[in-house]
Protein chains: 2
Amino acid sequence: MTAYSSASLKAELNERGWRLTPQRETILHIFQELPQGEHLSAEDLYQRLEERGEGISLSTIYRTLKLMARMGILRELDLGEGHKHYEINQPYPHHHHHLICIRCNETIEFKNESILKTGAKTAQKEGYHLLDCQLTIHGVCPKCQRSLIPV
Amino acid sequence: MTAYSSASLKAELNERGWRLTPQRETILHIFQELPQGEHLSAEDLYQRLEERGEGISLSTIYRTLKLMARMGILRELDLGEGHKHYEINQPYPHHHHHLICIRCNETIEFKNESILKTGAKTAQKEGYHLLDCQLTIHGVCPKCQRSLIPV
DNA sequence: TTCCGTGCAAAATCTTTGCAGATAC
DNA sequence: GTATCTGCAAAGATTTTGCACGGAA
């Protein structure tokens, strides 16, 4: 369930000449404790940490999110809200995709094993080292279709 | 090849109480003339129009791109460059997906018929009206893997 | 004639960056 | 001890918005 321990995070960081800081560890823990299907924006994370009394500056949050996404630990999602969201990048069978209503931003998660296979095959064919693979479906949800407001 | 004519754009706009303006028509044409695999940011489009002497304000460009994406005419891409890109939303067999290097942003397009089918099926199952369906694969390209700079 | 759309300028949002002090290794 | 990391404040980039005028239906 837990993709990364603090120890393996430290190992991966050190391997690249970087350091495990309390901030990085805290942020990893927050994401690991997050229920399936929740995802946080930088601001969400900032506020959650403030509430816990473990405040971390927004700069560090942005830097850490980007770092962990580039390491393949987090995946970056564009859920149509004008800012990025992040969630733990989990392997099969937890790996999933998103169906998003472009009007109200309702988001539905769904799984599909064959997409991950296609992603892995495509990356391999091009010699890419795979980090993440996400199918994003945009549409209009049933509720918004019934609404009288066009677009 | 051409998914929308000016006439069908006008019809679709009018249907919703909106209007076909020269700006909207011009922007549609730009995208229709774009070679397969090219995609434009708002700024790209703005500059291209300036060069042609058909200048359109950035506000209108942003408003039109959003409008056309919500109508399903354009698809909005996040290619990791800090701003959105847009391209014509083409049906099978031109429909395609993107493999992106998170370090240098090199982007490779690829096709896969079964993903579109999965997207359509998933949208239908949830009662969504499908607008777009894109598999985005993030990874590190061969060249960047060889580079000595970590992340 | 009506009301939608455009352009301009200003504002709002989100994200990045420079720098000095702190700290992991 | 040294290079990396953090927090702060400021800057940068992208996108949105209010308003008056112009134009499509």
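Since this is a predicted model, take the numbers as computed values, not measurements.

Trainee: Sorry, what's going on with the sheet that holds strand β3 (residues 97-101) of chain A here?
Mentor: Hydrogen bonds along the backbone pair up the strands of a sheet, which may run parallel or antiparallel. As summarised here, the arrangement of the 6 strands in space is β4(A)-β3(A)-β5(A)-β5(B)-β3(B)-β4(B), forming an open sheet in which the pairing is mixed. Because the sheet does not close on itself, it has two edges, and the strands there are β4 (107-110) of chain A together with β4 (107-110) of chain B. For this sheet the average axis-to-axis angle between neighbouring strands, irrespective of direction, equals 25°. As paired strands, strand β3 (residues 97-101) of chain B and β4(B) are joined by 4 bridges and run antiparallel to one another. Looking at the pairing, B:His98 lines up with B:Glu109 of β4(B). Its contacts with the sheet put helix α5 (residues 113-125) of chain B on β3, β4 and β5 (129-140) of chain A together with β3 and β5 (129-140) of chain B, and the angle it makes with β5(B) is roughly 130°.

Trainee: What is the right way to look at the UniProt feature "binding site: Fe cation" (unreviewed entry) in chain A in this model?
Mentor: Residues and elements named next belong to chain A. The residues that UniProt annotates with the feature "binding site: Fe cation" (unreviewed entry) are His-95. Along the chain, His-95 turns up in the loop between β2 (84-88) and β3. Given a relative accessible area of 8%, His-95 falls into the buried group. The residues contacting His-95, other than those within four sequence positions of it, are Arg-75, Gln-90, Lys-111, Leu-116, Asp-132 and Cys-133.

Trainee: Can you help me understand the interface of chain B and chain A in this one?
Mentor: Listed as interface residues are 40 residues of chain B and, on the opposing side, 40 residues of chain A. Taking both sides of the interface into account, the surface hidden between chain B and chain A amounts to around 3,500 Å²; carbon and sulfur atoms contribute 65%. Linking chain B with chain A are 1 salt bridge, by the criterion used here. Here A:Lys84 and B:Asp78 are joined by a salt bridge, their closest N and O atoms 4.0 Å apart. Inspection of the region where chain B meets chain A yields 14 residue pairs in polar contact (both at pLDDT 80 or more). Those elements giving two or more residues to the side of chain B that touches chain A turn out to be α4 (58-71), β3, β4, α5, β5 and α6 (142-146) of chain B. Tallying contributions element by element places β5(B) first for the side of chain B that touches chain A, with 12 residues.

Trainee: Quick question: what am I supposed to make of the protein's contact with DNA strand D here?
Mentor: Near DNA strand D you find 23 residues, and of these A:Arg24, A:Thr60, B:Arg19, B:Tyr62 and B:Lys66 are the closest. The contact atoms of DNA strand D, taken as those within 4 Å of the protein, divide so that sugar and phosphate hold 65%. Note that a phosphate oxygen of DNA strand D is positioned 2.7 Å from one of the side-chain N or O atoms of B:Lys66. Mapped onto the surface near DNA strand D, the elements with two or more residues apiece are α2 (22-33) and α4 (58-71) of chain A together with α1 (6-15) and α4 of chain B. By residue number, the principal contributor to the surface near DNA strand D is α4(B), which donates 4 residues. Residues belonging to the surface near DNA strand D are distributed by class as follows: 5 nonpolar, 10 polar and 8 charged.

Trainee: What am I meant to see in the packing of helix α3 (residues 42-51) of chain B against α4(B) here?
Mentor: When two helices pack together, their arrangement is given by the angle between their axes and by how far apart the axes lie. All names here are of chain B. Two elements in contact, α3 and α4, have axes separated by 10 Å at closest approach and are oriented at 125°. Taken together, α3 and α4 sit at an angle that is classed as oblique. As α3 packs across α4, the resulting crossing turns out to be right-handed. Seen from α3, the contacting residues are Ala-42, Glu-43, Leu-45, Tyr-46 and Leu-49; seen from α4, they are Leu-58, Ile-61, Tyr-62 and Leu-65. Among the residues forming the contact of α3 with α4, the class breakdown is 8 nonpolar, no polar and 1 charged.

Trainee: Whenever I open this one, the UniProt feature "binding site: Zn(2+)" (unreviewed entry) in chain A confuses me. Can you help?
Mentor: With numbering aligned to this structure, UniProt lists the feature "binding site: Zn(2+)" (unreviewed entry) at A:Cys101, A:Cys104, A:Cys141 and A:Cys144. The greatest C-alpha distance among the residues just named is 8.2 Å, despite their covering 44 residues of sequence, which places them together in space. Structurally, A:Cys101 is set in strand β3. Apart from the residues within four sequence positions on either side, A:Cys101 is in contact with A:Glu106, A:Gly139, A:Val140, A:Cys141, A:Cys144 and B:Tyr128. Summarising the element assignment, A:Cys141 is placed in the loop between β5 and α6 (142-146).

Criteria and thresholds
Residues numbered from 1 in each chain as written. Chains lettered and ligands numbered in written order. Predicted model: local features only at pLDDT ≥ 70, side-chain atom pairs only at ≥ 80, totals over all residues. Heavy atoms only, no water. Pairing = 2+ DSSP bridges. Helix = DSSP H or I, 4+ residues; strand = E, 2+ residues; numbered from the N terminus. Axes fitted to C-alpha atoms, helices over the stretch in contact; angles between N-to-C directions. Contact = heavy atoms within 4.5 Å. UniProt positions renumbered as here; feature names shortened; annotations may be inferred. Buried < 20%, exposed > 50% of the residue type's maximum accessible area, 1.4 Å probe, protein only. Buried area = accessible area lost by both parts, 1.4 Å probe. Salt bridge = Lys/Arg side-chain N within 4 Å of Asp/Glu carboxyl O. Polar contact = N/O pair within 3.5 Å; in protein donor to acceptor, adjacent residues only side chain to side chain. Near = heavy atom within 4 Å. Nonpolar A, V, L, I, M, F, W, Y, C, P; charged D, E, K, R; others polar. Parallel < 35°, antiparallel > 145°, perpendicular 65-115°, else oblique. Left-handed = near helix turned anticlockwise from the far one by under 90°.

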